[in-house]
Amino acid sequence: MTDVRRDDFTLINSVEDVIPFYKGNGLALDKQYIGFETEIGVYKKGADGQPVGTTTQDTAELLAYLKKLGHQAQLEMASAVEYASPPFRVTEVPQLVKEIKQSWDDYHQAIEAKGFVANDSPFFPFATLESAEENLVDRDRARGLVKGMKLHKAPEFLKVTLLATSTQISLSYKDPNDLHDLLATGYALQAPIFALFGNYPAFIEGKNERLDYNPRAAFYEAFGEQGSIPKSLLEAKDGDDFVRRHAQQVFETPLLFYYDRDNTIIWPEKPVTFEQLKDLGLNTRSNYDLAETFVYSDLKVCNIRDDEGRPTGKRVEVRGLDAGETGALGGVPFIHALLRDPAASAQVKGLLSEYGLTPDHDGWQQRIVEARHNAAYHEGKYLDVDFGIRANGKPGNLAEFSRELATVLELYVQRNPQLKDATQPVIDIAKSGVTQAELKNRATKDYEHANRQLLAVANDNPQHAHAAGFTQTARTKGL
């Protein structure tokens, strides 16, 4: 969770003033950058023997311990810590993957050393909005978000903010056309990203109701125009048109709070847009950057910052990967292959075209929205949902697409053998059609069992049951 700097009082009066922010870095595609961050939920055994999220004090002590070990860790909203990598060139993915693996191991060792447990999932089964808020991190932005969302937003906003953890991959871009290409391809892949990295438990929010949907995907869709796939992309003709539409969306996005010239947080009685801040003389660069953070689209256009937190450019943040080991260790090569590796990304675009999901197909916008919705609300079918339209006019299938995608990834690994270990678990999921979320669902008897698993011995824990479940599934499917 990165705070916005409050001290840039440069006035922004029109969309024209911000167009230069999105010009890109002008570098060749093989000189672009890729970065990574992941959030790790942390829990412990409570006084009653049940699992509970770590307290504000617990996570503060864990953060201090990680920093003492030399890590630039951050706190997330509640009962979680964040690791963020330095940026690497897209030609240096093996080095980035090695850096992530070492840091992942270090963080988990530190969590264990402090007497806590790292959650290999984006949700705690037991956490509710009320219990999570009790463990809220002691930061102005966190308090501002929670206060504003409670006053003015649907419950799903708080559920994502307080209950969910995720993995994000960031990509720089050359120019607006490169930005548009990344977004058009990335959104067409949003359904498989959510599905293949689905790692959520069988029960969440302290409820006895078994999940038959992907909670993060569903919650973001409930954000309406501020979440999911934005109109700015669906209606854009090219990169320049997208930038203009995106900036206009930021101008029109309601802010839950904003900063005055004394750097004080102001909570309005009702949300105000950045456009409306002109009337107060607070249409500053800081508040524009803040407004952009309230656009929660699946592929988020956001700032690149220097060491002092000053914005130096823009990036695309791919946000559909659930927290957990598979996304943390395999997310970078997966996203690099699909969006930045020249050979693999060309193959992926060709594959998407076969499903009618590229901009050269009429109606592709509605199809990517439908595909994403199907992956979010899968009704217990997980990958066995409609995905695009085939050349014969019949609906495509996400499981079939994923198997074809696995072939692309296998060829990618052949060219990059040093990435095999990180990428293989994702390939296995794509080939088998069985996600981690589905295996967790099979391995969990009921809500009480979901909580017992968190503190249980190995043979009662779905993290250990996954491998056996996958092997059995593979045998029955002849894989």
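This is a predicted model, so every value here is computed, not measured.

Running from N to C, helix α11 (residues 239–252) and helix α12 (residues 285–293) point in directions that differ by 100°, and their axes come no closer than 8 Å. Taken as axis vectors, α11 and α12 run roughly perpendicular relative to one another. Between α11, through H246, A247, V250 and F251, and α12, the contact on the second element is made entirely by Y288, A291 and E292.

With that settled, consider the confidence of the model for the protein chain. Of the residues in the protein chain, 95% reach a pLDDT of 70 or more, and the chain-wide mean stands at 93. Scored below 50 in pLDDT, residues 464–479 shows 16 contacts in the model against residues more than four places distant or in partner chains.

With that settled, the discussion passes to the packing of aromatic side chains. The geometry of an aromatic ring pair is captured by two quantities: the separation of the ring centres and the angle between the planes. In total, this model carries 22 aromatic pairs according to the counting rule given. Consider the rings of F203 and Y447, whose centres lie 6.4 Å apart with planes at 75°: the pair is edge-to-face. You can see F203 sitting in the loop between α8 (190–196) and α9 (215–221) and its partner Y447 sitting in helix α19 (residues 447–454), a full 244 residues away along the chain. Taking relative accessible area as the criterion, F203 reaches 3% and is therefore assigned buried. Accessibility expressed as a relative area gives 12% for Y447, which makes it buried. Through successive ring pairs, a cluster of aromatic residues spans F157, Y220, F223, F257, Y259, F294 and Y296. For the cation-ring pair, K147 lies above W267, with the distance from its terminal atom to the ring centre recorded as 4.1 Å. Of note, K300 hangs over the ring of Y296, and the distance from its end group to the ring centre comes to 5.4 Å.

Okay, the side chain of T253 next. Following the sequence through the fold, T253 ends up in the loop between α11 and β9 (254–255). Those residues in contact with T253 that sit more than four places away from it in its chain are Q226, V272, T273, F274, A291, F294 and V295.

Cut-offs used in this document
Residues numbered from 1 in each chain as written. Predicted model: local features only at pLDDT ≥ 70, side-chain atom pairs only at ≥ 80, totals over all residues. Heavy atoms only, no water. Axes fitted to C-alpha atoms, helices over the stretch in contact; angles between N-to-C directions. Helix = DSSP H or I, 4+ residues; strand = E, 2+ residues; numbered from the N terminus. Parallel < 35°, antiparallel > 145°, perpendicular 65-115°, else oblique. Contact = heavy atoms within 4.5 Å. pLDDT = per-residue confidence, 0-100. Phe/Tyr/Trp six-rings, centres within 6.5 Å; stacked < 30°, edge-to-face > 60°. Buried < 20%, exposed > 50% of the residue type's maximum accessible area, 1.4 Å probe, protein only. Lys NZ or Arg CZ within 6 Å of the ring centre and 35° of its normal.

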